[in-house]
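Structural description and commentary
Now for the letters of each chain:
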Amino acid sequence: MSNASLKDQLQAVVGNFPSTEKKDKPRPKQTVPTVQTNAKPKQNQRPQRAEKPKWLEHAQYGVELLKAYFPQCFKSADEIRPLKKGIKQDLVKRLSTLDAIVTEDKACMVKSLSYYVNTMSYHKTVTEGTVRLDLDGNPDGVVTAEEAKYSIERSQLKMKAKQQATPQ
C-alpha cells in the first residue's frame, strides 16, 4: 500500500467518505476580538470550543476503521451492542491475517477499541441479559448483572467528572 495518509486509506476502503485532501491554504484560526468594556458578557453566549485533541481525532478515526472493516460488530451510536469478552484478542488475531491493512491502521484500531467501549453510548447498552457480539456480529454470551452494575458505575463516574470539569 502507498504512503498515503491514514484518512486517505480509510477513504479508499469505504469509498463514500468526503474528501480529506489538504487544501493549498491552511484555515486561519478563529480569534476572538478583545474588547475592553465594563459591560457584562451576554448570558446566552457559549464559550468557544477548544480544538479537538489529537488523541481524540486518532481514536475516532480508529473507530471509523473498525466500523468499515467489521460493520456487523461496530455500529453507530444508536445501534451499539455490547461486545464479546476478549474481543481485543480476537481483533488482534484477525488483523494479523489481513495484509491489505497497514500496520499503523491496525494499531489504531486496537487502541480505539478501548475508546469505543468507554463511550456513554456503549455503557448505556450494557444491561443485564443483553446479548454480546463477536467481530462478525454473531451472538457470543450475555451481559451479567455484575457487568451491568459495573457499566452503570463507570458511566456515572464519567458524568460526574464531566460536570465537575465544566464551570456553571
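Residues numbered from 1 in each chain as written. Predicted model: local features only at pLDDT ≥ 70, side-chain atom pairs only at ≥ 80, totals over all residues. Heavy atoms only, no water.

Section: the overall build of the protein
When helices and strands are counted, the protein shows 6 helices and 2 strands. Order of helices (α) and strands (β) in the protein, N terminus to C terminus: α-α-α-α-α-β-β-α. Classification of the 168 residues of the protein by burial places 26% in the buried group. For the protein, the proportion of contacts with a sequence separation of at least 24, taken over those separated by at least 6, is 62%. For the protein, the exposed area adds up to about 13,000 Å²; of that, 52% sits on carbon and sulfur atoms. (Helix = DSSP H or I, 4+ residues; strand = E, 2+ residues; numbered from the N terminus. Buried < 20%, exposed > 50% of the residue type's maximum accessible area, 1.4 Å probe, protein only. Contact = heavy atoms within 4.5 Å. Areas by Shrake-Rupley, 256 points an atom, 1.4 Å probe, with all protein chains shown as cover.)

Some details on the nonpolar core
Ranked by internal contacts, the top residues of the largest apolar core, which has 23 residues, are Phe70, Phe74, Leu83 and Leu91. Per element, the largest residue contribution to this core is 5 residues, and it comes from helix α4 (residues 103-117). When neighbours within four sequence positions are excluded, Leu83 is seen to be in contact with Cys73, Phe74, Leu113, Tyr116, Val117, Tyr122, Arg132 and Leu133. (Core = buried A, V, L, I, M, F, W, Y, C linked by side-chain atoms within 4.5 Å.)

Structural notes on the pattern of salt bridges
For the structure shown, the criterion picks out 6 salt bridges. Close ionic contact of Glu147 with Lys85 constitutes a salt bridge, the shortest N to O distance being 2.6 Å. Of the two residues, Glu147 sits in helix α6 (residues 145-165) while Lys85 sits in the loop between α2 (54-69) and α3 (87-96), which places them 62 residues apart along the sequence. The exposed category is assigned to Lys85, whose relative accessible area is 55%. For Asp136, the salt bridge goes to Arg94, with nearest N and O atoms at 3.1 Å. Taken together, the positions of Asp136 in the loop between β1 (131-133) and β2 (139-142) and Arg94 in helix α3 put the pair 42 residues apart, joining distant regions of the chain. Overall, the relative accessible area of 29% leaves Arg94 in the partly exposed class. (Salt bridge = Lys/Arg side-chain N within 4 Å of Asp/Glu carboxyl O.)

A short note on the confidence of the model for the protein
On average, residues of the protein carry a pLDDT of 80, and 70% of them reach 70 or more. Within the protein, the element-level pLDDT minimum falls on helix α1 (residues 6-14), averaging 57, and the maximum on β1, averaging 95. Scored below 50 in pLDDT, residues 16-25 shows 8 contacts in the model against residues more than four places distant or in partner chains. (pLDDT = per-residue confidence, 0-100.)

A word on the environment of Asp134
Looking at the element boundaries, Asp134 is found in the loop between β1 and β2. Taking the C-alpha atoms as reference points, Asp134 and Phe70, separated by 64 residues in sequence, lie 9.7 Å from one another. Sequence-distant contacts of Asp134, that is, excluding residues within four places in its chain, are made with Cys73, Lys84, Ile87 and Asp140. Looking at Asp134, its side chain comes within polar contact range of the main-chain nitrogen of Asp136, at 3.0 Å. (Polar contact = N/O pair within 3.5 Å; in protein donor to acceptor, adjacent residues only side chain to side chain.)

Some points on the packing of α3 against α4
In the contact formed by α3 and α4, the axes pass within 10 Å of each other and the chain directions differ by 170°. As summarised for this structure, α3 and α4 are arranged roughly antiparallel, according to the angle between their axes. Residues Ile87, Lys88, Leu91, Val92, Leu95 and Ser96 of α3 lie in contact with α4, whose contacting residues are Lys106, Met109, Val110 and Leu113. Grouping the amino acids of the contact of α3 with α4 by side-chain chemistry returns 7 nonpolar, 1 polar and 2 charged. (Axes fitted to C-alpha atoms, helices over the stretch in contact; angles between N-to-C directions. Parallel < 35°, antiparallel > 145°, perpendicular 65-115°, else oblique. Nonpolar A, V, L, I, M, F, W, Y, C, P; charged D, E, K, R; others polar.)

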